Number of protein chains: 2
Amino acid sequence: MTLSPYWLRDNCPCTGCRDPRNGQKLFQIGELPDHLSCTEQVEQDGVLHVVWSDGHRSSYPLGWLAEQGEGDGRTEQGKRLWEAAEFGRGIPEADWAAYLADPAERAAVLGAVRHLGFAVLRGVPGEERQVLAVARSFGYVRETNYGELFDVRIEPDPNNLAFTSAAIAPHTDNPYRDPVPTLQLLHCLRNDATGGDSGLVDGFRAADLLRTEHPEDFATLTATPVPFVFRDRRTELLAERPLIGTDPLGRIREVRFNNRSIGTLRLPPAELDAFYAAYRRFAAITLRPELQLTFRLGHGDCLVFDNTRLLHARTAFEQDGHRHLQGCYADLDSLASTLAVLHRQTAALDTLEQLFEGEGAAEYLGEEVTMAQHMLQAGALAEAAGAPAHLVAAALLHDVGHFDGTGLELMQGRDNRHSHTGAEWLGRWFGPEVTEPVRLHVAAKRYLCAVEPGYRERLSEASEYTLQVQGGPMDEAQAARFAALPGAEDAVAVRRWDEQAKEADAPTPPFAHFRPLLAELMR
Amino acid sequence: MTLSPYWLRDNCPCTGCRDPRNGQKLFQIGELPDHLSCTEQVEQDGVLHVVWSDGHRSSYPLGWLAEQGEGDGRTEQGKRLWEAAEFGRGIPEADWAAYLADPAERAAVLGAVRHLGFAVLRGVPGEERQVLAVARSFGYVRETNYGELFDVRIEPDPNNLAFTSAAIAPHTDNPYRDPVPTLQLLHCLRNDATGGDSGLVDGFRAADLLRTEHPEDFATLTATPVPFVFRDRRTELLAERPLIGTDPLGRIREVRFNNRSIGTLRLPPAELDAFYAAYRRFAAITLRPELQLTFRLGHGDCLVFDNTRLLHARTAFEQDGHRHLQGCYADLDSLASTLAVLHRQTAALDTLEQLFEGEGAAEYLGEEVTMAQHMLQAGALAEAAGAPAHLVAAALLHDVGHFDGTGLELMQGRDNRHSHTGAEWLGRWFGPEVTEPVRLHVAAKRYLCAVEPGYRERLSEASEYTLQVQGGPMDEAQAARFAALPGAEDAVAVRRWDEQAKEADAPTPPFAHFRPLLAELMR
């Protein structure tokens, strides 16, 4: 296998090279010696073991070596480009209540923004400032000179065409900002005027069409920094960026299109002629009927869209009614992070479910129940006792450290499978209110046997055996120290359910019963 | 003169083509006819008059035609690149109180951040959350997964190396965000441990050195998108960007350098070798002693720096004392806007001062004082009466509409010089509390003559004459309408000073006396 040595070493997943909590590297690239090479390379059981010329040892799963980069999903490569007909059966939308309650619904909405560039949330409470709550459900509000939020309605002395009743052609917002706000939200509080429909155009699709039909125009627009300007009494913004931004590999990554705020380009006349010809052809493409997706926002609807990709528009409206939107800006990076964490949490729950159904069927240390039965019983006992969600979860998951499989997905080139206990593994998904009772549930047995007369006598035979292995009952000082630990009381509660959850053939709910509770705790 | 027709027309400054309030264009580029041409071009008195093939007429000052683009100041072109020796006599710094009080000091600090990449504010109150006040003095806080602000001190379970006592090599922050926060602020609350000094490296200078010494490495780093990653329980960020970002003209625009969070690059082995060789050479340049600017932040110091350009570092510290910084992120665009507005305000005050000293020396409509004497007297009378700042300003500036010069700087291709009254011109700099009394001070005379017995008799001869021209005293209905206007009361106050301010040879303070008051009102 031919591998680039510095690349391979830079990706060493050992805990000396990477912080297992966040995957951050613990060495500087310049600290690696010159002329670094592998002195030994052995493949065994799906793992490549390497000994380096400086003596360091690394191990890489072969699966990781074969992985492909997925990109950050921000260029055209990570998108589905569209024209309006794509949405003949409806636009991506979800109910706000379902979005809040259901991780799958949340992932679908955020995934639509990421891949299609937009989604509409219906039934968002039609109250002022709610748009901020929508933004904060996946990220952070980006404040601008228009405020933390802005009202889109007719204003007596508008500093922007948005605040009139005029039609607005497809455009992106704030091109004079750098960094430009990458997401925009528009929440409709009222829309009972004639007109005032919303329009969206896929700017990546428009740029893609320009590239196909007039490659020289595409080249001109990607190569020409254009000044965008905005000024009023308190503001003087200027950003110089191309209308079509590409990454170093030439992939479309950002479209800035706002006729109103293009400033004065300074180039030789022939280059200006070429730019304006390309600009006018691009503008004409953005206005093609087949690219115009038009829909109407009603009371409570909130449109979320990618301001680096989609152009948005509105039709003019009569003053026979009122139209009032509240908008704010936010950023795509946090939205993508929220989406990735949702996917990761779903994958973790899938892994747990598989563990309960697979390894969990194995014998549980000499008890008359399987591991899965034992843990499901413990969770059910906690639930029946009216315990709070975090204790139900701790009871359900308290023995997860017994599963071999919990280490499996930790690898991926950034973790060591054997250095993590069950609690530490759970710490990737749950807070200390869940992990600490799990971490302390063995100590809790030693504590209870010390302080509660008759407790030890009630242990199962297997549990009495492991008590010896674990150090026997605590002495007085140990018990006092234990009782002072955060989570000790919860650990004791979990421990009591643990002892009781060893009844052969007791009926238990399936793992799926606990998924919503676990999903909620993961947030 | 050979000019590009669509370019020229797109920049037509007439009020039909541009909103005079904010310079935004009022037409779509696609609305211009095909085959647009100039049918007539005449230069007269420094202005180019054009008649277009569609009948539209435009006028452009020749000075505007000759202007050069200045760029947005974000690439290397707009910067002064440096090595540490540049600051042998000290780093750019200012006292917080002076920064708040003096626009020139404020402009100097923001200008240093823009051109050198950093500045230090001394004497910021050493209290928690003050760093947010510093950010808000020129822009908006960018919230991230680290919070609205973050504490840089030793934490028991750090999710980032920053929150330990370890040394940190020069790096930029949050490269895994896109958009990356373009500014960082670090406010020192306590620093009495041994060690813990701060370091800065000009990343643009380092990139510039790489380009000179190893052009092929520079080309590799600008052409290779690199994945930067960060993950913890609630976060999974990924941005794919080159280490050295250039604009379409090849100018250095952004440096991302953070060894800890470079993810796994996926390329053929030969390309990985080339990338890692270039990356290691660039890393070595960032560590050259002559590039390391080192200084110490003490209690109350706040460092503001460009996170797209400067790498920041800190030395390790002993736990023999405490080190506690509070940091937050913000963005360069708003900082640049604040700086531009400061410059614009200074220029406006300079213009006013010149008008008072130039045209202001002219006779004032038959009175025994010059225009400047009259206005300075009015301002001084208001001040002596203990009037609030906005009324002193209104009294001082009430006749500014008489100056021809007030229209002069409005042009610059975006405004019409003859369509603005004095109040409207002042509206570019001052709020309605200043402009409305100015706008109404003539009406106030007609009002006072109507409602106050004996007022008319006290008018000067010239003022009695102009009263006739202006429509004479108001009738009852007019007076009632006037009294109901916002600012009417203030306009009456200004008017009284106006009448009194016609005393030949009365001593008055110079215009400069009023500058700080005007500057404060402009904020």
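As the structure is a computational prediction, the values presented were derived from the model and not from experiment.

K.L.:
Which parts of the structure should I look at to understand the overall build of chain A?
P.N.:
Scanning chain A from N- to C-terminus turns up 17 helices and 18 strands. Its C-alpha atoms give chain A principal-axis dimensions of roughly 90 × 65 × 45 Å. Buried positions account for 57% of the 523 residues belonging to chain A. Of the roughly 20,800 Å² that chain A leaves accessible, carbon and sulfur atoms contribute 51%. Taking the average place of the 51 positive charges on the side chains of chain A and the average place of its 76 negative ones, the gap between the two points comes to 6 Å.

K.L.:
Any chance you could explain the relation of the copies chain A and chain B here in plain terms?
P.N.:
Note on the copies: chain A fits chain B at an RMSD of 0.2 Å, the axial shift is 0.1 Å, and the rotation between them is 180°. Viewed as a symmetry operation, the transformation between the two copies matches a two-fold axis. Of the C-alpha atoms belonging to chain A, the one lying closest to the rotation axis is found on proline 179 of chain A, 3.0 Å away. Counting the interface residues of chain A, we find that 100% of their copies in chain B are interface residues as well, pointing to one common contact surface.

K.L.:
Would you explain the domain arrangement of chain A in this entry?
P.N.:
Note on interface size: it is often stated as the accessible area lost on association of the parts. Under the domain assignment used here, chain A contains domain 1 (5–66), domain 2 (76–338) and domain 3 (348–521). For domain 1 of chain A versus domain 2 of chain A, the separation of C-alpha centres amounts to 44 Å.

K.L.:
How should the sheet that holds strand β2 (residues 47–52) of chain B be read in this particular structure?
P.N.:
Residue and element names in this part refer to chain B. Reading across the sheet, the 3 strands line up as β1-β2-β3 and stay open at both edges, with antiparallel pairing between neighbours. The open sheet is flanked by β1 (38–44) and β3 (57–61), the only strands paired with a single partner. Taking the axes of each pair of neighbouring strands and ignoring which way they run, one obtains an average angle of 20° across the sheet. By the bridge criterion, 5 bridges tie β2 to β3 in an arrangement that is antiparallel. Opposite valine 47, over in β3, you have proline 61 as the bridge partner.

K.L.:
Even after reading the chapter, I still don't get unusual backbone geometry, so can you show me in this structure?
P.N.:
For residues that are not glycine, phi is negative in most cases, and the peptide bond is trans in most cases. Residue and element names in this part refer to chain A. A cis amide bond links aspartate 178 with the next residue in sequence, proline 179, at an omega value of 5°. You can see proline 179 is positioned in the loop between β8 (168–171) and β9 (183–191). Positive phi values are uncommon outside glycine, yet aspartate 45 reaches one of about 50°. By secondary structure assignment, the location of aspartate 45 is in the loop between β1 (38–44) and β2 (47–52). Take aspartate 45: its relative accessible area is 75%, and that puts it in the exposed class. For aspartate 505, which is not glycine, the phi torsion reads 60° and is therefore positive. In this structure, aspartate 505 sits in the loop between α16 (488–500) and α17 (515–522).

K.L.:
I'm lost on the sheet that holds strand β10 (residues 198–202) of chain B in this one. Help?
P.N.:
Backbone-to-backbone hydrogen bonds join strands into a sheet, with any given pair of strands oriented parallel or antiparallel. Residue and element names in this part refer to chain B. Taken in spatial order, the 4 strands of this open sheet run β8-β17-β10-β15, and their pairing is antiparallel. Of all the strands in the sheet, the pair left with one neighbour each is β8 (168–171) and β15 (293–295). Strand-to-strand twist across the sheet, computed as the mean angle between neighbouring axes with direction ignored, equals 20°. This element, helix α6 (residues 203–213), spans β10 and β17 (310–314) of the sheet and lies at about 45° to β10.

K.L.:
Looking at this structure, how should I read the environment of asparagine 159 of chain B?
P.N.:
Positionally, asparagine 159 of chain B belongs in the loop between β7 (150–152) and β8. Taking the C-alpha atoms as reference points, asparagine 159 of chain B and leucine 121 of chain B, separated by 38 residues in sequence, lie 29 Å from one another. If we ignore the near neighbours within four places in the chain, the residues touching asparagine 159 of chain B are Asn22 and Gln24 of chain A together with Tyr146, Phe230 and Asp232 of chain B.

K.L.:
Please explain the interface of chain A and chain B as it appears in this structure.
P.N.:
Between chain A and chain B, the residue contacts involve 97 residues of the former and 97 residues of the latter. Across the chain A/chain B interface, buried area totals approximately 8,200 Å², and carbon plus sulfur atoms make up 46% of it. Interface area lost by chain A to chain B is led by Arg233, Arg266 and Arg280 of chain A, which between them contribute 10%. Salt-bridge contacts for glutamate 240 of chain A lead to arginine 251 of chain B; the nearest nitrogen and oxygen are separated by 3.7 Å. The tally of links between chain A and chain B comes to 58 residue pairs in polar contact (both at pLDDT 80 or more).

K.L.:
Explain the pattern of salt bridges to me, please; I cannot follow it from the model alone.
P.N.:
Pairs can form between side chains of opposite charge whenever their charged atoms are close. Throughout the structure, instances matching the rule amount to 80 salt bridges over all chains. Salt-bridge contacts for aspartate 247 of chain A lead to arginine 251 of chain A; the nearest nitrogen and oxygen are separated by 2.7 Å. Residue classification places arginine 251 of chain A among the buried residues on the basis of a relative accessible area of 16%. Ionic pairing is found between glutamate 464 of chain A and arginine 456 of chain A, a salt bridge with its closest N-O pair at 3.0 Å. The class for glutamate 464 of chain A is partly exposed, based on a relative accessible area of 24%. In this structure, a network of salt bridges that share partners links the residues Asp72, Arg74 and Arg253 of chain A together with Asp178 and Arg241 of chain B.

K.L.:
Explanation requested: the side chain of arginine 256 of chain B in the structure shown.
P.N.:
Residues and elements named next belong to chain B. Positionally, arginine 256 belongs in the loop between β14 (252–255) and α8 (269–286). Take arginine 256: its relative accessible area is 3%, and that puts it in the buried class. For arginine 256, the side chain forms a polar contact with the main-chain oxygen of proline 175, separated by 2.6 Å. Within the structure, the side chain of arginine 256 is placed 3.0 Å from the side chain of glutamate 254, a separation counted as a polar contact.

Calculation rules
- Residues numbered from 1 in each chain as written.
- Chains lettered and ligands numbered in written order.
- Predicted model: local features only at pLDDT ≥ 70, side-chain atom pairs only at ≥ 80, totals over all residues.
- Heavy atoms only, no water.
- Helix = DSSP H or I, 4+ residues; strand = E, 2+ residues; numbered from the N terminus.
- Buried < 20%, exposed > 50% of the residue type's maximum accessible area, 1.4 Å probe, protein only.
- Areas by Shrake-Rupley, 256 points an atom, 1.4 Å probe, with all protein chains shown as cover.
- Lys, Arg positive; Asp, Glu negative; His and termini not counted.
- Charge placed at Lys NZ, Arg CZ, Asp CG, Glu CD.
- Least-squares fit on C-alpha atoms with pLDDT ≥ 70 in both.
- Contact = heavy atoms within 4.5 Å.
- Domains from an automatic or database assignment.
- Pairing = 2+ DSSP bridges.
- Axes fitted to C-alpha atoms, helices over the stretch in contact; angles between N-to-C directions.
- Buried area = accessible area lost by both parts, 1.4 Å probe.
- Salt bridge = Lys/Arg side-chain N within 4 Å of Asp/Glu carboxyl O.
- Polar contact = N/O pair within 3.5 Å; in protein donor to acceptor, adjacent residues only side chain to side chain.

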